[in-house]
Amino acid sequence: MNTVEKQINLIAQDRIEFEKGVKLVFENPEFDFKQKIEILTSLILNSIPNKSNYNSESYQKAIVSIPIKQSFTSVIILNKFSIKNAFKKLSELPENEYEKTIISLLWIFKSTDTQRRKTECKNGCKHYWHNIE
C-alpha cells in the first residue's frame, strides 16, 4: 500500500479527521489527480457491498451526504450517471474541479467502507487496509 492509499484508508477509518485528510491529500508534493481518481475508484468499487449492483443503497446514501453543495459539478455527475461512467467523467474534469471531486470520492469511500466495516467486516476480516498501523 502506498502513502496515498494509506492516507485515504486512515481518513475512511476516522483515524485522520476528514478535512485534515483532504488537505493532506492535496498538499502531497506528488499530487496527481488522475492517480487519486484511479485509487479512489478502485477503493470505492471494492467497498460497495453488493458487487452485482454498484448503485447500492450504501452508495446512494454516501452521495447525498457528501459535505459539499449538491449543485457542484462532481455531485451532479455522481447523481446523473452510472457509477463507472460517472468516475470516467470525473477524471476528465478541469483543474478547478479537482478539490470538489476528490472530496466527493473520498467521502463516498469513507461512507461505503464504514458501512462495510460495520456489516461484512464487523467480526474481523482479512482486508489488510482495515488493519493499518
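Preceding this section is the structure that the text describes.
Residues numbered from 1 in each chain as written. Predicted model: local features only at pLDDT ≥ 70, side-chain atom pairs only at ≥ 80, totals over all residues. Heavy atoms only, no water.

Draft legend 1. Summary view of helix H1 (residues 3-12). Within H1, seven of the 10 residues are buried, which leaves the element mostly enclosed by the surrounding structure. Along H1, the residues that are buried comprise Val-4, Gln-7, Ile-8, Asn-9, Leu-10, Ile-11 and Ala-12. Residues of H1 that are buried make contact with helix H2 (18-27), helix H3 (33-47) and helix H7 (98-118). Among the residues of H1, the N-terminal cap falls to Asn-2, whose side-chain oxygen and the backbone nitrogen of Val-4 are separated by 3.0 Å. Remark: Asp-14 follows H1 within two positions and exhibits a positive phi of approximately 60°. (Buried < 20%, exposed > 50% of the residue type's maximum accessible area, 1.4 Å probe, protein only. Helix = DSSP H or I, 4+ residues; strand = E, 2+ residues; numbered from the N terminus. Contact = heavy atoms within 4.5 Å. Polar contact = N/O pair within 3.5 Å; in protein donor to acceptor, adjacent residues only side chain to side chain.)

Draft legend 2. Looking closely at the packing of aromatic side chains. Tallied over the full model, the rule gives two aromatic pairs. Aromatic side chains Phe-18 and Trp-107 sit 5.0 Å apart centroid to centroid with 90° between the ring planes, which places their arrangement in the edge-to-face category. On the criterion of sequence distance, the pair formed by Phe-18 in helix H2 and Trp-107 in helix H7 is long-range, its members being 89 residues apart. Trp-107 carries the same exposure label as Phe-18, and that label is buried. When the centroid spacing of 3.7 Å and the interplanar angle of 5° are considered together, the rings of Phe-33 and Tyr-98 count as stacked. Placement of the pair is Phe-33 in helix H3 and Tyr-98 in helix H7, with a sequence separation of 65 residues. Residue classification places Tyr-98 among the partly exposed positions, given a relative accessible area of 21%. Over the ring of Phe-81 we find Lys-89; its NZ or CZ atom is 4.7 Å from the centre of that ring. (Phe/Tyr/Trp six-rings, centres within 6.5 Å; stacked < 30°, edge-to-face > 60°. Lys NZ or Arg CZ within 6 Å of the ring centre and 35° of its normal.)

Draft legend 3. Local environment of the nonpolar core. In this structure, Leu-78, Phe-87, Leu-105 and Ile-108 are the most contacted members of the largest nonpolar core, which totals 38 residues. When residues of this core are traced back to their parent elements, those giving at least two are H1, H2, H3, helix H4 (57-64), helix H5 (73-80), helix H6 (83-91) and H7. Excluding residues that lie within four positions of it along the chain, Leu-78 makes contacts with Tyr-59, Ile-63, Ile-66, Ala-86, Phe-87, Leu-90, Ser-104, Leu-105 and Ile-108. (Core = buried A, V, L, I, M, F, W, Y, C linked by side-chain atoms within 4.5 Å.)

Draft legend 4. Representation of the packing of H1 against H3 within the structure. For the pair H1 and H3, the least separation of the axes is 11 Å and the interaxial angle reads 50°. Put simply, H1 runs oblique to H3. Considering how the two elements wind past one another, H1 and H3 form a crossing that is right-handed. Contact residues: H1 offers Val-4, Glu-5, Ile-8 and Asn-9, while H3 offers Lys-36, Ile-39, Leu-40 and Leu-43. Across the contact of H1 with H3, the residue classes break down as five nonpolar, one polar and two charged. (Axes fitted to C-alpha atoms, helices over the stretch in contact; angles between N-to-C directions. Parallel < 35°, antiparallel > 145°, perpendicular 65-115°, else oblique. Left-handed = near helix turned anticlockwise from the far one by under 90°. Nonpolar A, V, L, I, M, F, W, Y, C, P; charged D, E, K, R; others polar.)

Draft legend 5. The side chain of Ser-47, seen in detail. Looking at the secondary structure, you find Ser-47 in helix H3. You can call Ser-47 buried: its relative accessible area is 1%. A polar side-chain atom of Ser-47 sits 3.0 Å from the main-chain carbonyl oxygen of Ile-44. Aside from chain neighbours lying at most four places away, what touches Ser-47 is Phe-109, Thr-112, Asp-113 and Arg-116.

Draft legend 6. Representation of H6. Of the residues making up H6, those classed as buried are Ile-83, Ala-86, Phe-87, Leu-90 and Ser-91. The buried residues of H6 all sit within an arc of 135° when viewed along its axis, so they share a single face. For H6, the exposed residues lying more than 90 degrees away from the buried face are Lys-84 and Lys-88. For H6, the secondary structure elements touched by its buried residues are H3, H4, H5 and H7. (Arc of directions from axis to C-beta.)

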